[in-house]
Number of protein chains: 2
Amino acid sequence: MFGQLGEDAKKKTVLVYGHLGRFLTNLVSKGIIVCNVQPAAKDDGWRTEPFTLIEKDGKLFGRGASDDKGPVLSWLHAIEMLQKHKIDIPVNVKFCFEAMEESGSLGLEELLTRNKDKFLAGVDFTCISDSYWLGTTKPCLTHGLRGICSFNVEVTGIQQDLHSGVFGGVVHEPLADLIWVMSQLTTVDNRIAIPGIYDDVAPMSEEEHKLYETIDFSVKEFRESVGAKKLPTEDKKTLLIRRWREPCLSIHGIEGAFSGTGEKTVIPSKVIGKFSIRIVPHMKPEKVNKMVIDYLKELWKKRGSPNTFTPTPGHDALPWLADTNDANFKAGARAMKIVHGVDPDYIREGCSIPITLTFQELTGKSVLLLPLGAADDMAHSQNEKMNKVNYVQGVKTLLTYLLELGKAH
Amino acid sequence: MFGQLGEDAKKKTVLVYGHLGRFLTNLVSKGIIVCNVQPAAKDDGWRTEPFTLIEKDGKLFGRGASDDKGPVLSWLHAIEMLQKHKIDIPVNVKFCFEAMEESGSLGLEELLTRNKDKFLAGVDFTCISDSYWLGTTKPCLTHGLRGICSFNVEVTGIQQDLHSGVFGGVVHEPLADLIWVMSQLTTVDNRIAIPGIYDDVAPMSEEEHKLYETIDFSVKEFRESVGAKKLPTEDKKTLLIRRWREPCLSIHGIEGAFSGTGEKTVIPSKVIGKFSIRIVPHMKPEKVNKMVIDYLKELWKKRGSPNTFTPTPGHDALPWLADTNDANFKAGARAMKIVHGVDPDYIREGCSIPITLTFQELTGKSVLLLPLGAADDMAHSQNEKMNKVNYVQGVKTLLTYLLELGKAH
């Protein structure tokens, strides 16, 4: 969805991006995934209906409250406030809101590429509010993102699910094979076991080392916020480095196996393991995909099962790193200083917003990630929320950012 | 559900058992499992609605068609036919039909125990039609069943599901721990990796060895019916021994991880792995449970994860073995010979029908397993069916069995 406010040739133009809408369950049941927020169901452990916005204890609960319907609404309220008070908006504003971000923004890159010389022509800055502060109190500007490489590992070998009593012991069970293969992907401390996977990680400069030393971050608070007894590392710098500028591998689940409550004495016939690797500069998706698929095939050879093994790469996205000294970042920093009274921290994010790179490449101009939500907003998880105070300060920050951008040369 | 037909003190009394009904999904959503057939949904890969009986190509498709609604209906039709033709039923018939067999027959054992000297008093024979022929053409009588020990392995360590981009690399992921633990349960050829698990398996007598050599069974047909490229053993005798009189371990699935289609970049916070071990004479559930839980705890120590690990035994059932030379088995064998024209094979089953042992213990009399369905009926699986010919011959076999039982001294 494209929109435009102002076409003054004397003004600079800022492009605003966000994602919104709701999970289209009717299409999902047909095997088509169309969503702009992550899936959610009350049964997953939500205390409130995930698709109804509930205000409680100064927090706004609901799927997408922080990722990313809340920030999109903040933009509309920021502009509404400027218009209401008859304050001239000193930049032209273009809007790009989509509904497929959580599914790899399917189709958007193609659409934007076709619009390189149309809708995107004349864009001087891009601003995206689709990430989070590092903590819960101090504002941040985000200048780096990890990319992602996703993988599906299918194992099959019997034509349909079998009764484990009648057939147990006399077939090679696909799920046992899959579980063994996936057990070989990481170490207990969540380091990736794939040989060479860390080889392309960019070395750290002296300046970067210093940045990590002064950054405002409490490991204890972080550990408590996730509810863990112990973390793989409790050193602040090492933890942030692992979170922002090193790859990691997470297993998400298995399709085709029994996943309900209770017991079902079944031998599943076709199971698909799902995992992804977060990638960082200078890792390349093609190389990572090849490395992982080669490793999986090697594992399968070692396993020696007669079942059928089909590892395939899923969607991928490049990592991103920006220059924090340009006019876009400076306007963002000033806006945060004005609204919050403190200079923001310059942070990175561990997650992917692939569209960031697309905008940078197609406009050839700076992209700023200006997060509004707090670290404990629980995007993608149960009981996602946005603090009301973050929402209100967010609206103020965005309108101040627009005013500050107008001063850029 | 108890029922009785005839109270003639001069006649012997046969007790007929079966399970029926349908899966109560409204209770399942509340975390309560109440079912008398295995769960089923069209999305699992059914070609027809699982809870609507469809006749196609001489087969009756539907969840429970063979396990065990079909056989229960056969009993009713057998008796209806005798009554219609005014043939005296030479035995009193008691009926015990239940709706919880697929959930470990919760409550039934207690109910029957309370009825040892009431409803069960005077029962001379028990007959259960809740298993399958060894192949698809030759009738069988079943004289042995494996028992079962079920296990749940819960791993947790973070308070809720997390975004794998934001938190990946800096938490110990419960699912990776669970997968590693479950990868250590079996070998590639589906032998159990738990030390000592085979120690209590009863040794084979010379006679038993001979029985396996002459039994009518095609490994090739079996392999083709499950759709496998290769089996862990292709030797007829070894295969039947593994299927009937050796323990095996099957992993059924994981609760709490992502299990849908598509991608969900989540770190699940609490996952429960589900597996079961089929047990045989002379294995004892208490000993197996302890052995398995000890092994799991040892694995967890080896893993060295700070997450929380809770392995628990689920429901269990003893194995069963009967004397094929008593009057009950002889009546069953004669009925099969009369209806099918051939002597039945004496086989065992790999699955559990715990109630078999309960009836044997409480009545102190013979229990016969008289299967009606074919080996390819796909109980517990997609597209469960019963052949129409098996159904019709089944009705005839049951009514002949009642007439033959009347001749027993």
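The model shown is predicted, which means the values in this text are computed figures rather than measured ones.

Undergrad: I'm lost on the relation of the copies chain A and chain B in this one. Help?
TA: Note: a rotation about an axis with an accompanying shift along it relates these two copies of the chain. Superposition of chain A onto chain B requires a rotation of 180° combined with a translation of 0.1 Å along the rotation axis, giving an RMSD of 0.1 Å. These values place the two chain copies in the arrangement generated by a two-fold rotation axis. Residues of chain A ranked by C-alpha distance from the rotation axis are headed by Ile 179 of chain A, positioned 2.9 Å from it. Of the residues that chain A buries at the interface, 100% are likewise interface residues in chain B, meaning the two copies contact each other through the same surface.

Undergrad: Explain the packing of aromatic side chains to me, please; I cannot follow it from the model alone.
TA: For any pair of aromatic rings, the description consists of the separation of the ring centres together with the inter-plane angle of the planes. The final tally for this structure, using the stated rule, is 18 aromatic pairs over all chains. Where Trp 300 of chain A meets Phe 309 of chain A, the ring centres are 4.4 Å apart and the plane angle is 5°; that geometry is what we call stacked. Summarising the burial analysis for this pair, Trp 300 of chain A and Phe 309 of chain A share the class buried. Considering the side-chain rings of Phe 151 of chain B and Phe 275 of chain B, the 5.1 Å spacing of their centres and the 20° angle between planes classify their relative orientation as stacked. With Phe 151 of chain B in strand 8 (residues 147-156) and Phe 275 of chain B in strand 12 (residues 270-279), this residue pair connects regions lying 124 residues apart in the sequence.

Undergrad: Can you walk me through the interface of chain A and chain B in this structure?
TA: It is common to report an interface's size as the accessible area lost on association of the parts. Counting residues at the interface gives 90 residues for chain A and 91 residues for chain B. In total, about 7800 Å² of surface goes out of reach between chain A and chain B, with carbon and sulfur atoms giving 52% of it. Area buried by chain A at its contact with chain B is led by Val 170, His 252 and Glu 263 of chain A, which between them contribute 9% of it. For the side of chain A that touches chain B, the leading source of residues is strand 10 (residues 248-255) of chain A, giving eight residues. Broken down by class, the residue content of the side of chain A that touches chain B amounts to 35 nonpolar, 37 polar and 18 charged.

Undergrad: For this particular structure, what's the right way to read the domain arrangement of chain A?
TA: All names here are of chain A. Domain annotation for chain A reports domain 1 (2-145 + 320-406) and domain 2 (147-201 + 246-317). On a C-alpha basis, the centres of domain 1 and domain 2 stand 33 Å from each other. On the side of domain 2, six residues touch domain 1, which itself brings eight residues to the contact. Taking both sides of the interface into account, the surface hidden between domain 1 and domain 2 amounts to around 470 Å²; carbon and sulfur atoms contribute 57%. Inspection of the region where domain 1 meets domain 2 yields zero salt bridges. Applying the counting rule to domain 1 against domain 2 returns two residue pairs in polar contact (both at pLDDT 80 or more). The class makeup of the residues in the side of domain 1 that touches domain 2 is four nonpolar, three polar and one charged.

Undergrad: For this particular structure, what's the right way to read the packing of helix 5 (residues 174-183) of chain B against helix 9 (residues 285-303) of chain B?
TA: Helix-helix packing is described using two parameters, namely the angle between the two axes and the distance between the axes. All names here are of chain B. Between helix 5 and helix 9, the shortest axis-to-axis distance is 10 Å and the interhelical angle comes to 125°. On the basis of the axis angle, helix 5 is oblique to helix 9. The element helix 5 and its partner helix 9 pack so that their crossing is right-handed. The segment helix 5 lies against helix 9, with Ala 176, Asp 177, Trp 180 and Val 181 engaging Leu 296, Leu 299, Trp 300, Lys 302 and Arg 303. Of the residues belonging to the contact of helix 5 with helix 9, the class tally is six nonpolar, no polar and three charged.

Undergrad: Would you explain the packing of helix 10 (residues 327-340) of chain A against helix 12 (residues 388-405) of chain A in this entry?
TA: All names here are of chain A. Contact pair helix 10 / helix 12: the axes reach a minimum separation of 8 Å and the direction vectors enclose 135°. In this view, helix 10 runs oblique relative to helix 12, as classed from their interaxial angle. When the axes of helix 10 and helix 12 are compared, the crossing they make is right-handed. In contact with Asn 328, Ala 331, Gly 332, Arg 334, Ala 335, Met 336, Ile 338, Val 339 and His 340 of helix 10, helix 12 contributes Gln 393, Lys 396, Thr 397, Thr 400, Tyr 401, Glu 404 and Leu 405. By residue class, the composition of the contact of helix 10 with helix 12 is seven nonpolar, six polar and three charged.

Undergrad: Help me out: how do you make sense of the environment of Thr 356 of chain A in this one?
TA: Residues and elements named next belong to chain A. With respect to the secondary-structure elements, Thr 356 resides in helix 11 (residues 355-363). Classification of Thr 356 as buried rests on a relative accessible area of 0%. Separated by 339 residues in the primary sequence, Thr 356 and Tyr 17 place their C-alpha atoms 9.2 Å from one another. Excluding residues within four positions of it along the chain, Thr 356 makes contact with Ile 128, Leu 145, Trp 320, Val 367 and Leu 369. At 2.7 Å, the side chain of Thr 356 and the backbone oxygen of Ile 353 are in polar contact.

Undergrad: Sorry if this is basic, but what is going on with the pairing of strand 2 (residues 12-19) of chain A here?
TA: Within a regular beta strand, the side chains point alternately toward one face of the sheet and then the other, so they alternate between its two faces. Residue and element names in this part refer to chain A. Of all eight residues making up strand 2, seven are buried, and the element is well covered by its neighbours. Pairing between strand 2 and strand 5 (residues 91-98): eight bridges, direction parallel. Residue pairing in the sheet places Tyr 17 in a bridge with Cys 96 of strand 5.

Undergrad: Any chance you could explain the UniProt feature "domain: Peptidase M20 dimerisation" (unreviewed entry) in chain A here in plain terms?
TA: The UniProt record marks residues 144-301 of chain A with the feature "domain: Peptidase M20 dimerisation" (unreviewed entry), using the residue numbering of this structure. Between the end C-alpha atoms of residues 144-301 of chain A there is a gap of 38 Å, over a span that is 36% helix and 22% strand.

Undergrad: Would you take a moment to explain the sheet that holds strand 8 of chain B for this structure?
TA: The strands making up a sheet associate through hydrogen bonds between their backbones, and the pairing can be parallel or antiparallel. All names here are of chain B. Taken in spatial order, the four strands line up as 10-12-8-13 in an open sheet, and their pairing is antiparallel. With partners counted over all chains shown, the strands left at the sheet margins are strand 10 (248-255) and strand 13 (308-317), one partner each. Taking each pair of neighbouring strands and ignoring which way they run, the sheet shows an average axis angle of 20°. Where strand 8 meets strand 12, ten bridges bridge the pair, whose relative direction is antiparallel. Along strand 12, the bridge assignment pairs Val 155 with Val 271.

Undergrad: Help me out: how do you make sense of the environment of His 143 of chain A in this one?
TA: Residues and elements named next belong to chain A. Topologically, His 143 is positioned in strand 7 (residues 140-145). Judged by its relative accessible area of 11%, His 143 falls in the buried class. Between the C-alpha atoms of His 143 and Leu 369, which are 226 residues apart in sequence, the distance is 6.7 Å.

Undergrad: Honestly, the side chain of Arg 146 of chain B in this entry has me stumped. Any pointers?
TA: Locating Arg 146 of chain B in the fold gives a position in the loop between strand 7 (140-145) and strand 8. One buried charge, Arg 146 of chain B, has no salt-bridge partner; the nearest side chain with opposite charge is Glu 246 of chain B, at 7.5 Å. Within the structure, Arg 146 of chain B has its side chain in polar contact with the backbone oxygen of Gly 168 of chain A (distance 3.0 Å).

Undergrad: What should I look at first to understand the side chain of Ser 183 of chain A in this one?
TA: Summarising the element assignment, Ser 183 of chain A is placed in helix 5 (residues 174-183). Taking relative accessible area as the criterion, Ser 183 of chain A reaches 6% and is therefore assigned buried. Not counting residues up to four positions away in its chain, the partners in contact with Ser 183 of chain A are Ile 179, Trp 180 and Ser 183 of chain B.

Undergrad: What is the right way to look at the pattern of salt bridges in this model?
TA: Opposite charge on two side chains makes pairing possible when the charged atoms of those side chains draw close. Residue and element names in this part refer to chain A. Going through the model one piece at a time under the given rule, you end up with 39 salt bridges over all chains. A salt bridge links Glu 384 to Arg 63; its shortest N-O distance comes to 2.8 Å. Here Glu 384 is found in the loop between strand 16 (366-369) and strand 17 (385-387), whereas its partner Arg 63 is found in the loop between strand 4 (59-61) and helix 2 (69-84), with 321 residues between them in sequence. Grouping residues by exposure puts Glu 384 and Arg 63 together as buried. One network of salt bridges, in which partners are shared, links Glu 208, Arg 245 and Arg 348.

Each value, and the rule that gives it
Residues numbered from 1 in each chain as written. Chains lettered and ligands numbered in written order. Predicted model: local features only at pLDDT ≥ 70, side-chain atom pairs only at ≥ 80, totals over all residues. Heavy atoms only, no water. Least-squares fit on C-alpha atoms with pLDDT ≥ 70 in both. Contact = heavy atoms within 4.5 Å. Phe/Tyr/Trp six-rings, centres within 6.5 Å; stacked < 30°, edge-to-face > 60°. Buried < 20%, exposed > 50% of the residue type's maximum accessible area, 1.4 Å probe, protein only. Helix = DSSP H or I, 4+ residues; strand = E, 2+ residues; numbered from the N terminus. Buried area = accessible area lost by both parts, 1.4 Å probe. Nonpolar A, V, L, I, M, F, W, Y, C, P; charged D, E, K, R; others polar. Domains from an automatic or database assignment. Salt bridge = Lys/Arg side-chain N within 4 Å of Asp/Glu carboxyl O. Polar contact = N/O pair within 3.5 Å; in protein donor to acceptor, adjacent residues only side chain to side chain. Axes fitted to C-alpha atoms, helices over the stretch in contact; angles between N-to-C directions. Parallel < 35°, antiparallel > 145°, perpendicular 65-115°, else oblique. Left-handed = near helix turned anticlockwise from the far one by under 90°. Pairing = 2+ DSSP bridges. UniProt positions renumbered as here; feature names shortened; annotations may be inferred. Lys, Arg positive; Asp, Glu negative; His and termini not counted.

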